[in-house]
Structures are given as C-alpha cells and as structure tokens.
Amino acid sequence: MKTRAAIAWKAGEPLSIAEVDLEGPRAGEVLVEIKATGICHTDYYTLSGADPEGIFPAILGHEGAGIVLETGPGVTSVKPDDHVIPLYTPECRQCKFCLSRKTNLCQSIRSTQGRGLMPDGTSRFSLDGKPLFHYMGTSTFSNYIVVPEIALAKIREDAPFDKACYIGCGVTTGVGAVVFSAKVEAGTNVVVFGLGGIGLNVIQGAKMVGADKIIGIDINPGRVEIAKKFGMTHFVNPNEVGNIVDHIVQLTDGGADFSFECVGSVQLMRQALECTHKGWGQSFIIGVAAAGQEISTRPFQLVTGRQWKGSAFGGARGRTDVPKIVDWYMDGKINIDDLITHTLPLERINEGFELMKSGQSIRSVVLY
Ligand code: DAO
Ligand code: ZN
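Being a predicted model, the structure only gives us computed values, none of them experimental. Residue numbers run consecutively from 1 along every chain, following the written order of its sequence. To label them, take the chains in the order written and letter them from A, then take the ligands in the order written and number them from 1. Note on the predicted model: pLDDT of at least 70 is required for a residue's local features to be given, and 80 or more for side-chain atom pairs to be given and counted; whole-chain, interface and lining totals, by contrast, use all residues.

K.L.:
Outline the overall build of the chain, listing residues and values.
P.N.:
Along the chain, the regular secondary structure elements total twelve helices and 17 strands. Just to be clear, the radius of gyration here is over C-alpha atoms, and the globule rule we use is 2.2 Å times residues to the power 0.38. Computed over C-alpha atoms, the radius of gyration of the chain comes to 20 Å, within 12% of the 21 Å expected from 2.2 N^0.38 for 368 residues, which places it in the range of a compact globule. Projected onto its principal axes, the C-alpha coordinates of the chain cover approximately 60 × 40 × 40 Å. Three exposure classes are used, all based on how many other C-beta atoms lie within 10 Å of a residue's own C-beta (placed from the backbone): buried at 20 or more, exposed at 12 or fewer, and partly exposed between those limits. A total of 368 residues make up the chain; the buried ones form 51% of that total. Sequence-distant contacts in the chain: of pairs separated by 6 or more residues, those separated by 24 or more amount to 71%. For the purposes of this entry, the term helix denotes a DSSP run of H or I that reaches at least four residues, the term strand denotes a run of E that reaches at least two, and both are numbered from the N terminus. The contact criterion used is a C-beta to C-beta distance within 7 Å, with each C-beta placed from the backbone.

Now the structure itself:
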C-alpha cells in the first residue's frame, strides 16, 4: 500500500513529504493507521545529525496513536479496530530483561530496532524500490506503519488520539519517572530541573502522588504560570540566586528527597544530584545529553548516601502501564490538553520543529 510520510533524507535538512510504499504485516506484525503524532526533541536530535546512531533516509517520529487495520500471522494481543499507542520501548514479557521485573528496557528487538529495521532484518518502507529506514521501531511521521505486536499498547477507545499520542513519549517519560522509576512517596520534596514538556510532566506526576514541596528550576520565567498550574509550589531561577545547590538545600531543610534532570545538561545533572538530601536523596537523569558528554561529582556525594539513577520511558512497561496512564488522563488525574500548544497537518511538520527549537511550543501534534 501507499502511505503519506515525512522523510528525513539527510541530517540537518528539513523533512520532505512523499507517498511511500509500505509492505503489509508479516508474522507477529501489525499494520496501524496513525491518527496523530507528537514532535519530540529526540526526533530533532536525530534529524540534526547529533545522534551518532542516526540512520538516513528514515521516517522519524515515535509519539503516536492510531488504529489497528490488519494483523499478520500469529498476532493475538490486538485485532483490527483496536486503538493503540506504538511503543519505542516494547514489552515482550519473555526476554531476560522483561522477566527480571527490574527494568522496562525490553531487549527482544533492540538490535534490529537500533538499525532501523523490523525484527526480521528488513524494512517495510520503500520509495522507488529503495528501502527507507524505520525509526525507534515506530516511525509515526508516516500515516500508516507496520510494527511488531510487542510494540503496541492497546488503549481505551474513548481517549482522543490528538492527546493520547503524547503518552507515547513525553507524558510517560515524565509522569512515569515519578511513579514507576522513583516511586515518589506522598509528603516528600521534589526538585525538577527544566520546565519543558518532560519537566512539566514530572511536576504533575509529583502532584498526583502527593509530594509536598515541588520546586521547579528554569531560566525561563515564561514557564512559571503553567508549571504552577501543573503543581509547582516553588520556582527558582538559577540566574537570580547565588549558588543554586545551596539555595535548594536551604529551601528543603537539608536537601530534596528526589530530583529530576529533564534538560540533558551534564552541569544540571551534577546540581540535581548535589541538591538532594544526605543519606537518602535520589536524583534521576531523564534528559538525554549530547553524545560524548560525561557526568562528574565528588564521590563523597555517593558515599554519604545520595543515589544517582536514570529513567527511560518513565520506567513504564509499555503494554502494561501505558493503558493505565491513558486512564489517569481520562479520569482527570493528569492534564495533557494544556501541554499541546500547537496542532499541524503533516505538510507543516517542519514548522512544528521550528516552534520546538525556538521554545514557542510545549508540544506540537501532527494530525493526519
Ligand atoms: O537501549 O534498551 C535500550 C533502549 C533505550 C531507549 C531509551 C530511549 C530514550 C529516549 C528518551 C526520550 C526522552 C524525551
Ligand atoms: Zn522483553
């Protein structure tokens, strides 16, 4: 079949829209009609050329929602007309990682996914007979995609696609980091570095679980109003205080119980660790730093009980946990509507990237 898609031909160039050939689902695979997709910094990171694992030409996009059209042989967990969110972190429930119960990082298709291919080592996308690579196992910048069954979360049918798509990455990354990775307890103090699309989701996750002080850190005062709406109790602009670590330690009577770095800056990662409480503070790295960057701190920070951790896709096991997050949205426990600041047709997807780069949008969503 044909599908309309935005193609990344080369690093550093805008996406171009074309009719692409899409082969149908093979064994264990599913054809999905994507109804909406968010545009995320990770797509830009790859498109910019900064991602050392970026492969071109490819169809980017990893934050989508849509409907199952057709299933390949052997597929049992979804059927045509089911509503689904594609998962860049799949959940096979059989690999060593899934069975460990210690991580959400299912590895069953990791190697082919990282090479832009389906698990059998081939691509379903082509143009003029030449293959185009998949991206993060999802490629939601295509109106139709083929994905492995284990990379689909089945969600309730009353959830609107234009909001549910954000659960495919940003919402789950932020809210999940609080709930699944850090398991933040009610009454604790939480510090969030960076009040962008991920940080605001960390804030609303912390509010949902009943955190006490929720301190937002950002150099952009323009984010204060929305962060307060999402549950931030205190705002600190690092440019307005002397030493940010000392300031937070003072504000939290000895340090934060939990901190989250949502920017991808190794300097902020250090501050995020060092502002946590001696003896038990935990700091989670969520932001993706540029390739080759390294973190540092004095080892005594860890000797004295602070813990440095990380979280990918919010620690969520996609097929199990994503439907729960959709419920939280539908039950009004989390707010997605106010984070989706722009909607665009596929033809204007490059404008969505510009809005993100200039900081004008929190999330832009492409509607097919
Ligand atoms: O190695 O098992 C693996 C896959 C790890 C996937 C990590 C994805 C991180 C994407 C971060 C996006 C944050 C906005
Ligand atoms: Zn697995």
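Right, picking up where we left off after that structure.
K.L.:
I'd like a description of unusual backbone geometry, backed by residues and values.
P.N.:
Residue Pro57 is reached from Phe56 by a cis peptide bond, and omega for that bond is -5°. Checked against the element boundaries, Pro57 lands in the loop between α1 (41-48) and β4 (64-71). With phi around 65°, Arg93 is a residue other than glycine that occupies positive phi space. With respect to the helices and strands, Arg93 occurs in the loop between β5 (83-86) and α2 (96-100).

K.L.:
How would you summarise the nonpolar core if you had to cite specific residues and measurements?
P.N.:
Membership of the largest hydrophobic core comes to 99 residues, with the highest contact counts inside it found for Ile59, Val191 and Val192. In this document the domain limits rely on a domain assignment from an automatic tool or a database. Both domain 1 (2-170 + 315-367) and domain 2 (183-310) contribute no fewer than three residues apiece to this core. The residues touching Ile59, leaving out its near neighbours within four places in the chain, are Ala5, Ala6, Ile7, Phe125, Leu132, His134, Tyr135, Ser139, Phe141 and Ser142. A set of buried residues qualifies as a nonpolar core if it consists of Ala, Val, Leu, Ile, Met, Phe, Trp, Tyr and Cys joined through C-beta atoms within 7 Å.

K.L.:
Any details on helix α6 (residues 197-208)? Residues and values, ideally.
P.N.:
Each residue after the first adds 1.5 Å to the expected span of a helix. Along its twelve residues, α6 runs 17 Å from first to last C-alpha, staying within 8% of the 16 Å computed at 1.5 Å per residue. The buried fraction of α6 amounts to ten of the twelve residues, a majority that puts the element mostly inside the structure. Listing the buried residues of α6 in full gives Gly197, Ile198, Gly199, Leu200, Asn201, Val202, Ile203, Gln204, Gly205 and Ala206. Of the residues flanking the end of α6, it is Gly210, one or two places downstream, whose phi is positive at about 90°.

K.L.:
Tell me about the site of ligand 1, residues and numbers included.
P.N.:
Using a C-beta atom placed from the backbone for every residue, we mark a residue as near a molecule or strand if that atom lies within 6 Å of it. Ligand 1 sits among Cys40, Thr42, Thr89, Leu105, Gln107, Arg110, Cys169, Thr173, Ile198, Val288 and Ala312. When its residues are assigned to classes, the shell around ligand 1 shows six nonpolar, four polar and one charged. Three categories are distinguished: nonpolar for Ala, Val, Leu, Ile, Met, Phe, Trp, Tyr, Cys and Pro, charged for Asp, Glu, Lys and Arg, and polar for the others, with Gly belonging to the last.

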